[in-house]
Amino acid sequence: MNRDRNIIVIFNDDHGQWALPAYGNKDLHTPTLDYLAGTGVVMENAFTPTPVCSPARACFLTGRLASQHGLHDYIASGADFETRRWLDKEVTLPQLLQKSGYQVGLTGKWHLGNDIDPHPGFDSWFALSGDYPIGAKGRYRFSDDGKIIELDGYKSQIITDHAVRFLRQRDQAKPFFLFVGHTATHSPWTDHPERLVEHYRAKEFSAVPEGASYPFGDQNLESAELRPQPDEREGLAQYYAAITSLDEAVGRLMDEVDAQGLTDSTLFLYTSDHGLCCGHHGIWGKGNGTLPLNMVEESIRIPVIFNHPEMIPQADRRPEFADHLDLFQTLADYCGVQPPDPGNDTYAGRSLLPMLTGQDLSEPWRAVQFGEYGNVRMIRDQRYKLVVYCADNYCRLFDLEDDPSEEVDIAGMPQQALRIEQMKAQLDEHFRRYEVKQNSGVRNGGPEKTNFTSPW
């Protein structure tokens, strides 16, 4: 363990990569995140392993695929699902760091079962407690180290208040790991600060194509209910305001770290559980925004920004593929902590730290990115994306260069047969190597239930 290396992870909910100036959005005002990107490293091709909240969070915290840890869909509120501790059989990054001497804190969203009781690996626990979905403001329950309290106000501000509290009350003899789980970008897209929303109502929203529709299925009825009514532009203004409120929250954390003289010893990681369509393809939602489930770029692409001016080059942009499994390995590597079973039999991810710090890689980086959502699996390279619907034994192939909006399925073209065969073989080999049979998304009967609405 390196005692001079602290970590703050800002882990947002439903924040699509497209919704940041660092990734080309010209309408958003995010001076803090612009600064993080301009003095850090932006991963241009970062993805979620699973485009829905609970599995993605589990992938980040365990470094393992959904078909390894077994959590394949969001966890519904209520005693049937929410009270179970879904990661009890897994070794998490917080556990590894705590065992090595780190002080570990969580503020905000957990959503991996039993939000009330502090989970193994955490010294400090301030968690939203089962009241999902969480509105931007109002009175909600929180678990303060296991004691349920009710607080009223804007969630981003409350979560940040307690993140600052952790930084001020921590054991200063120990390095720290702070996981900040924000929810502002999640639906419902209402009730964000009017001073921010008003700024966006007249914007063009050029990052959201108008009139698009998803040609390969229907809106999931549950997700369709989230579509802002009657004015989708108001929903976009609220979503953009949510991101600016997150920018302000990150600024407060950066200021606190600076005031404590910890800037040179603290790594900031800004990321999200998965992406989100806000009218893209005609969808309001993520992977479960349609039936069949989708793997469109807006659902699977996430922002990933590393900032540590003391050790990471400034204003760098990296084109390599990266996902939550790599982030797990990167943070463990940064802290000098070795995960169990360091070979490739358990962990599909790889540390980005040598790349971030300008070192030569020991072997070439992977040329493809994988994804899954229950019994739907995906592989893509820089140009082509193959989505396989395993239960129904069919696939779709997209040429992302010629068809970036993913409207034309070219899987039926004879000239693509060899490509499909090769990509399928890579996809099958990946899961054959890593999946745990009883936890696989394609096991007989489908994945274990975490709610009553999963399509399998």
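Check the entry above for the structure.
Quick caveat: nothing in here was measured; it's all calculated off a predicted structure.

Student: I'd like a description of the overall build of the protein, backed by residues and values.
Tutor: A tally of helices and strands in the protein yields 12 helices and 18 strands. What you see for the protein is a C-alpha radius of gyration of 21 Å, in line with the 23 Å of a compact globule of 456 residues. Referenced to the eigenvectors of the C-alpha coordinate spread, the extents of the protein come out at roughly 65 × 50 × 45 Å. Residue burial in the protein is summarised as follows: out of 456 residues, 61% are buried.

Student: Break down the sheet that holds strand β18 (residues 394–399) for me, with residues and values.
Tutor: Strand order across the open sheet formed by four strands is β15-β16-β17-β18, with antiparallel pairing between neighbours. Of all the strands in the sheet, the pair left with one neighbour each is β15 (369–373) and β18. Direction aside, neighbouring strands of the sheet carry axes that sit 15° apart on average. Both β15 and strand β16 (residues 376–380) contribute to a ladder of five bridges, which runs antiparallel. Within the sheet, the bridge partner assigned to G371 lies in β16 and is M378.

Student: Summarise the nonpolar core; cite the residues concerned and give the values.
Tutor: With 68 residues, the main nonpolar core has V9, M43, F60, F177, F306, L331 and L352 as its most contacted residues. Here this core gets six residues from one element, more than from any other, and that element is helix α10 (residues 324–335). Every residue in contact with L331, bar those within four places of it in the chain, is listed here: I7, V9, F60, L93, F177, L267 and L269. L20, L28, F166 and L276 belong to the second largest nonpolar core, which has 46 residues in total.

Student: Please provide a residue-by-residue account of the sheet that holds strand β2 (residues 41–47), values included.
Tutor: Strands pair in a sheet through their backbones, by hydrogen bonds, and they do so in one of two ways: parallel or antiparallel. Pairing is mixed in the open sheet, where 10 strands are placed in the order β6-β5-β4-β3-β7-β1-β9-β13-β2-β14. Because the sheet does not close on itself, it has two edges, and the strands there are β6 (147–154) and β14 (316–323). Across the sheet, the mean angle from the axis of one strand to that of its neighbour is 20°, orientation sign disregarded. Along the sheet face, helix α8 (residues 232–259) touches β1 (6–12), β7 (176–181) and β9 (266–272) and points at about 170° away from the line of β9. Contacting β1, β2, β7, β9, β13 (305–307) and β14, α10 runs over the sheet at an angle of about 170° to β9.

Student: Describe α8, listing the residues and the values that go with them.
Tutor: Along its 28 residues, α8 runs 41 Å from first to last C-alpha, staying within 8% of the 40 Å computed at 1.5 Å per residue. For α8, the buried fraction is high: 20 of the 28 residues fall into the buried class. The distance from a side-chain oxygen at the start of α8 to the backbone nitrogen of R233 is 2.9 Å, and the residue carrying that oxygen is D231. Directly beyond the C-terminal end of α8, a positive phi value near 70° is found at G261.

Student: Tell me about the state of the cysteines, and name the residues and values.
Tutor: Such a bond, covalent and formed between the sulfur atoms of two cysteines, is termed a disulfide. If you walk through the whole model with that rule in mind, you get zero disulfides. No disulfide involves C278; its nearest neighbouring cysteine sulfur is the one of C277, lying 7.8 Å away. Take C395: it sits in no disulfide, and the sulfur closest to it among the cysteines is that of C390, at 10 Å. In this structure C395 comes out as buried when scored by relative accessible area, which is 15%.

Student: Provide a residue-level description of the pattern of salt bridges, including the pertinent values.
Tutor: This model, assessed by the stated rule, comprises 30 salt bridges. One salt bridge in this structure joins R165 and D144, with 2.9 Å as the shortest N-O distance. Linking R165 in helix α5 (residues 155–169) with D144 in strand β5 (residues 137–144), this pair joins segments that are 21 residues apart in sequence. Taking the relative accessible area as the measure of exposure, R165 reaches 26% and is therefore partly exposed.

Student: Can you break down the side chain of R377 residue by residue, with the values?
Tutor: One can find R377 in strand β16. Within the structure, R377 has its side chain in polar contact with the side chain of S67 (distance 3.4 Å). Among the polar contacts listed, one links the side chain of R377 to the side chain of S440, at a separation of 3.3 Å.

Student: Which residues make up the packing of aromatic side chains, and what values go with them?
Tutor: The relation between two aromatic rings is expressed through the spacing of the ring centres and the mutual angle of the planes. Evaluation of the coordinates by the stated rule reveals 20 aromatic pairs. Seen in terms of ring centroids, W18 and Y239 are 5.8 Å apart; in terms of plane orientation they differ by 25°. Their pairing is stacked. Within this pair, whereas W18 is found in the loop between β1 and α1 (31–38), its partner Y239 is found in helix α8, the two being separated by 221 residues in sequence. Measuring from centroid to centroid gives 5.0 Å for F205 and Y240, while their planes differ by 90°, and the two rings are edge-to-face. In this pair, F205 is assigned in the loop between α6 (194–200) and β8 (218–219) and Y240 in helix α8, connecting sequence segments 35 residues apart. An identical accessibility class is assigned to F205 and Y240; each is buried. An aromatic cluster of at least three residues, connected via ring pairs, comprises W18, Y200, F205, Y239 and Y240. The lysine or arginine in question, R84, covers the ring of W86, its NZ or CZ lying 3.8 Å from the ring centre.

Student: Now, about the environment of R419: what can you tell me, with residues and values included?
Tutor: Locating R419 in the fold gives a position in helix α12 (residues 417–434). Here the alpha-carbon distance between R419 and H281, two residues 138 residues apart in the chain, equals 26 Å. In contact with R419, other than residues within four places in its own chain, are Y384 and L397. Looking at R419, its side chain comes within polar contact range of the side chain of Q416, at 2.8 Å.

Student: Describe the packing of α1 against α8, listing the residues and the values that go with them.
Tutor: Between α1 and α8, the least distance of the axes is 7 Å, while the angle of their chain directions is 60°. When the axes of α1 and α8 are compared, the pair comes out oblique. For the pair formed by α1 and α8, the contact residues are P31, T32, L33, Y35 and L36 on the first element and D247, V250, G251 and M254 on the second. Classifying every residue of the contact of α1 with α8 by side-chain character gives six nonpolar, two polar and one charged.

Student: I'd like a rundown of the environment of F328, residues and numbers included.
Tutor: Its location among the elements puts F328 in helix α10. On the accessibility criterion, F328 (0% relative accessible area) is buried. Linking F328 and L61, residues 267 residues apart in sequence, is a C-alpha distance of 6.6 Å. The contact partners of F328, leaving out residues within four places of it in the chain, are F60, L61, T62, G63, T92, L93, L96, P339 and Y347.

Parameters at a glance
- Residues numbered from 1 in each chain as written.
- Predicted model: local features only at pLDDT ≥ 70, side-chain atom pairs only at ≥ 80, totals over all residues.
- Heavy atoms only, no water.
- Helix = DSSP H or I, 4+ residues; strand = E, 2+ residues; numbered from the N terminus.
- Rg over C-alpha atoms; globule rule 2.2 N^0.38 Å.
- Buried < 20%, exposed > 50% of the residue type's maximum accessible area, 1.4 Å probe, protein only.
- Pairing = 2+ DSSP bridges.
- Axes fitted to C-alpha atoms, helices over the stretch in contact; angles between N-to-C directions.
- Core = buried A, V, L, I, M, F, W, Y, C linked by side-chain atoms within 4.5 Å.
- Contact = heavy atoms within 4.5 Å.
- Expected span 1.5 Å × (residues − 1).
- Polar contact = N/O pair within 3.5 Å; in protein donor to acceptor, adjacent residues only side chain to side chain.
- Disulfide = S-S within 2.5 Å.
- Salt bridge = Lys/Arg side-chain N within 4 Å of Asp/Glu carboxyl O.
- Phe/Tyr/Trp six-rings, centres within 6.5 Å; stacked < 30°, edge-to-face > 60°.
- Lys NZ or Arg CZ within 6 Å of the ring centre and 35° of its normal.
- Parallel < 35°, antiparallel > 145°, perpendicular 65-115°, else oblique.
- Nonpolar A, V, L, I, M, F, W, Y, C, P; charged D, E, K, R; others polar.

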